[in-house]
Amino acid sequence: MKMKVLLVFGTRPEAIKMCPVVKALEQCKDVETVVCVTGQHREMLAQVLQVFDVKPRYDLAIMKERQTLFDITIAILDHFRTILEQEKPDVILVHGDTTTAFASALAGFYMNIPVGHVEAGLRTYNLQSPYPEEFNRQAVDIITNYYFAPTELAKKNLLKEGKKEEDIFVTGNTVIDALKTTVRKEYRHEALDWAEGSRLILLTAHRRENLGEPLRHMFRAINRICTEFEDIKIIYPIHMNPAVRAAAKEELAGNDRIKLIEPLDVLDFHNFMSRSYLILTDSGGIQEEAPAMGKPVLVMRDTTERPEGIEAGTLKLVGTSENGVYTAFRELLDNKAEYEKMSKAVNPYGDGTASEQIAAILKERLGRK
């Protein structure tokens, strides 16, 4: 009888990191793989599924205009129960720190179904930063049965919290696996043609806790840099959030060396990263992806749940003040030695085999039971 693994995810970052796990499990003859997407993000999620050729059995399609955390949590709990009753999986796999992960794991707990947490153990220990992600991740780890930690530091966090060592597996991060599918030698895009001959800076900024003045401070720092360095061009795939778009339009419009473009699918985004000089971001996953390509990352946040990158020297945490972002950005453009040091630092997030390790561990553990 086949073991049944149900993977659930709902946002683009989750999909990027879970699709390689889906593909690894599909290679196991004695495992039935069931994919459920919640649709917490819609268009962005569909793009990733297409790139990895993953076909969900279930789509909860919960996304609605101006949805709140209440809406997402209630809708997932309401819909997911029926699926669990029907499928009766041996384990539910969730990823990371989204509300999809939290609500799906909670549903599994309510129905006494084991939960596996991919990317377990990351911490800032500040429930307000990142918000609500830090709560989601800690809450999922309270009810997890199989902890797939990306690094030794994540494992240490889990041990410190009293999790059993025999249930923790250090696998590396599955996003490194994803890059093997997405990054391509032969790749062209009109925005990259626009930046040709310049040092390309890739910018992402959208976090909930940075909306308002922090976001505007970032943009003002970037504008200042553009007036001082004529050899850079900045591409900003702008988030769908209306508040982000309004701030970007007000602060960045009219600068002919900053190109605002629509959000990129995962294949495009990874190839933009691979061709960039450095990356400015307030995102989480990029902190793991970019170092695998030798790209320095300036993290425009006050905290990060990925301190391994800072310790390894692949990341710098620069805060959200205008002067903080400006100073760190300027140094990397000016200081070749510092740039080389960051770009050649060893990536702490694994060797690209995390998905295969997770599949093998689940087969062994579920088979034993």
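Details of the structure are given in the entry above.
To keep things clear, this report deals only with the structure shown in the data block. Throughout, a residue's number is its position along its own chain's written sequence, starting from 1. With the structure being a predicted model, the display of local features is reserved for residues of pLDDT at least 70 and the display and counting of side-chain atom pairs for 80 or more, all residues being used for whole-chain, interface and lining totals. By convention in this description, side-chain values take in all heavy atoms of the structure and omit both hydrogens and water.

## What about unusual backbone geometry?
Move 1: Ser 129 connects to Pro 130 through a cis peptide bond whose omega is -5°.
Move 2: A run of H or I in DSSP counts as a helix once it spans at least four residues, and a run of E counts as a strand once it spans at least two, with each numbered from the N terminus. Along the polypeptide, Pro 130 turns up in the loop between strand E5 (115-118) and helix H5 (133-142).
Move 3: Between Tyr 131 and Pro 132 the backbone carries a cis peptide bond, its omega angle lying at 0°.
Move 4: The phi angle at Ala 61 is positive, at roughly 50°, despite the residue not being glycine.
Move 5: As for its placement among the helices and strands, Ala 61 is situated in the loop between strand E3 (58-59) and helix H3 (69-87).

## Topic: the packing of aromatic side chains
Here a ring pair, both rings aromatic, is described through the centre-centre distance and the interplanar angle of the planes.
Move 1: We call Phe, Tyr and Trp rings a pair once their centres come within 6.5 Å, taking the six-membered ring for Trp, and we label the pair stacked below 30 degrees between planes, edge-to-face above 60, and tilted otherwise. Under the counting rule described, the total for this entry stands at 6 aromatic pairs.
Move 2: For the pair Tyr 277 and Tyr 339, a centre-to-centre distance of 4.1 Å together with 5° between the ring planes defines the contact as stacked. Separated by 62 residues along the polypeptide, Tyr 277 in the loop between helix H11 (266-274) and strand E11 (278-281) and Tyr 339 in helix H15 (residues 336-343) bring together distant segments of the chain. Each member of the pair, Tyr 277 as well as Tyr 339, carries the same accessibility label: buried.
Move 3: Two thresholds decide whether a charge sits over a ring: the Lys NZ or Arg CZ must be within 6 Å of the ring centre and within 35 degrees of the ring normal. Arg 12 extends its terminal NZ or CZ atom over the ring of Phe 269, reaching a point 5.7 Å from the ring centre.
Move 4: Over the ring of Trp 194 we find Lys 233, and its NZ or CZ is 4.7 Å from the ring centre. Burial classes follow relative accessibility: with a 1.4 Å probe on protein chains only, a residue under 20% of its type's maximum area counts as buried, one over 50% as exposed, and anything between as partly exposed.

## Quick word on the environment of Ile 16
Move 1: With respect to the secondary-structure elements, Ile 16 resides in helix H1 (residues 12-26).
Move 2: Along the chain, Ile 16 and Ile 143 lie 127 residues apart, while their C-alpha atoms are 24 Å from each other.
Move 3: The residues touching Ile 16, leaving out its near neighbours within four places in the chain, are Val 48, Phe 52, Val 175, Ala 178, Val 266, His 270 and Glu 289. Between two residues, a contact is recorded if the distance between any of their heavy atoms is within 4.5 Å.

## A closer look at the packing of helix H9 (residues 213-228) against helix H10 (residues 242-252)
Move 1: Convention adopted: a line fitted to C-alpha atoms gives each axis, helices being fitted over their contacting stretch, and angles between N-to-C directions are expressed from 0 to 180 degrees. Orientation of H9 relative to H10, taken along the N-to-C sense of each, is 30°, at an axis distance of 10 Å. The angle between H9 and H10 falls in the class roughly parallel. Handedness of the crossing formed by H9 with H10: right-handed. Packed against H9, whose contacting residues are Leu 215, Arg 216, Phe 219, Arg 220 and Asn 223, the element H10 presents Val 244, Ala 247, Ala 248, Glu 250, Glu 251 and Leu 252 at the interface.
Move 2: Amino acids outside the nonpolar list (Ala, Val, Leu, Ile, Met, Phe, Trp, Tyr, Cys, Pro) and the charged list (Asp, Glu, Lys, Arg) are all regarded as polar, and Gly is one of them. Partitioning the contact of H9 with H10 into residue classes produces 6 nonpolar, 1 polar and 4 charged. Our angle categories are set so that under 35 degrees counts as roughly parallel, over 145 as roughly antiparallel, 65 to 115 as roughly perpendicular, and the remainder as oblique. Two helices that cross are described as forming a left-handed crossing if the nearer one is turned anticlockwise from the farther one by less than a right angle, and a right-handed crossing if clockwise.

## Looking at the state of the cysteines
Move 1: Any two cysteine sulfur atoms lying within 2.5 Å of each other are counted as a disulfide. Overall, the coordinates contain 0 disulfides when judged by the stated rule.
Move 2: Here Cys 19 stays free of any disulfide, with the sulfur of Cys 36 as its closest cysteine sulfur at 13 Å.
Move 3: The buried category is assigned to Cys 36, whose relative accessible area is 0%.

## Examining the sheet that holds strand E7 (residues 168-170)
Move 1: Strand pairing is assigned whenever DSSP detects at least two bridges linking the two strands. The strand order across the open sheet formed by 7 strands is E3-E2-E1-E4-E5-E6-E7, and the pairing between neighbours is parallel. This sheet does not close on itself; its edge strands, each paired only once, are E3 and E7.
Move 2: In terms of strand pairing, strand E2 (residues 31-37) meets E3 through 2 bridges, oriented parallel. Paired with Val 37 across the two strands is Asp 59, which belongs to E3.
Move 3: Sitting on the sheet, helix H4 (residues 99-110) is in contact with strand E1 (3-9), strand E4 (91-95) and E5, with an inclination near 160° to E4.

## A short note on the pattern of salt bridges
Two side chains bearing opposite charge may form a pair once their charged atoms approach each other closely.
Move 1: Basic side-chain nitrogens of Lys or Arg form a salt bridge, by our definition, when they fall within 4 Å of a carboxyl oxygen of Asp or Glu. Tallied over the entire structure, the rule returns 37 salt bridges.
Move 2: Where Arg 81 meets Glu 85, a salt bridge forms, and the shortest distance between an N and an O atom there is 3.2 Å. Taken as a pair, Arg 81 and Glu 85 lie in helix H3 at a separation of 4 residues, close to a single helical turn.
Move 3: Here Glu 322 and Arg 224 are joined by a salt bridge, their closest N and O atoms 3.3 Å apart. Residue Glu 322 is found in helix H14 (residues 322-334), and its partner Arg 224 is found in helix H9; the two are separated by 98 residues along the sequence.
Move 4: Salt bridges here are not isolated pairs; linked through shared partners, they connect Lys 17, Asp 97, Glu 119, Arg 137, Glu 288, Arg 301, Glu 305 and Arg 306.

## Looking at the sheet that holds E11
Move 1: Spatial ordering of the open sheet is given by E10-E9-E8-E11-E12-E13, a layout of 6 strands whose pairing is parallel. Each end of this open sheet is capped by a strand with a single partner; those strands are strand E10 (258-261) and strand E13 (315-317). Shown here is a sheet whose adjacent strand axes are inclined to one another by a mean of 20°, direction ignored.
Move 2: In terms of strand pairing, strand E9 (residues 232-237) meets E10 through 4 bridges, oriented parallel. Along E10, the bridge assignment pairs Ile 235 with Lys 259.
Move 3: Along the sheet face, H9 touches strand E8 (199-204), E9, E10 and E11 and points at about 155° away from the line of E9.

## Concerning the nonpolar core
Move 1: Counting 58 residues, the largest nonpolar core has Phe 9, Leu 93 and Leu 362 as its most contacted members.
Move 2: If you tally residues by element for this core, the top one is H1, at 8 residues.
Move 3: Once residues within four sequence positions are removed from consideration, Leu 362 is found in contact with Val 5, Leu 25, Val 91, Leu 93, Tyr 146, Phe 148 and Gly 367.
Move 4: Of all hydrophobic cores here, the second largest spans 34 residues; its members include Ala 205, Leu 280, Ala 328 and Tyr 339. Side-chain atoms within 4.5 Å link the members of a nonpolar core, which is a set of buried Ala, Val, Leu, Ile, Met, Phe, Trp, Tyr and Cys residues.

## Concerning the environment of Ile 168
Move 1: Within the secondary structure layout, Ile 168 lies in strand E7.
Move 2: For Ile 168, a relative accessible area of 7% gives the class buried.
Move 3: Between the C-alpha atom of Ile 168 and that of Asp 256, which follows or precedes it by 88 residues, the distance is 50 Å.

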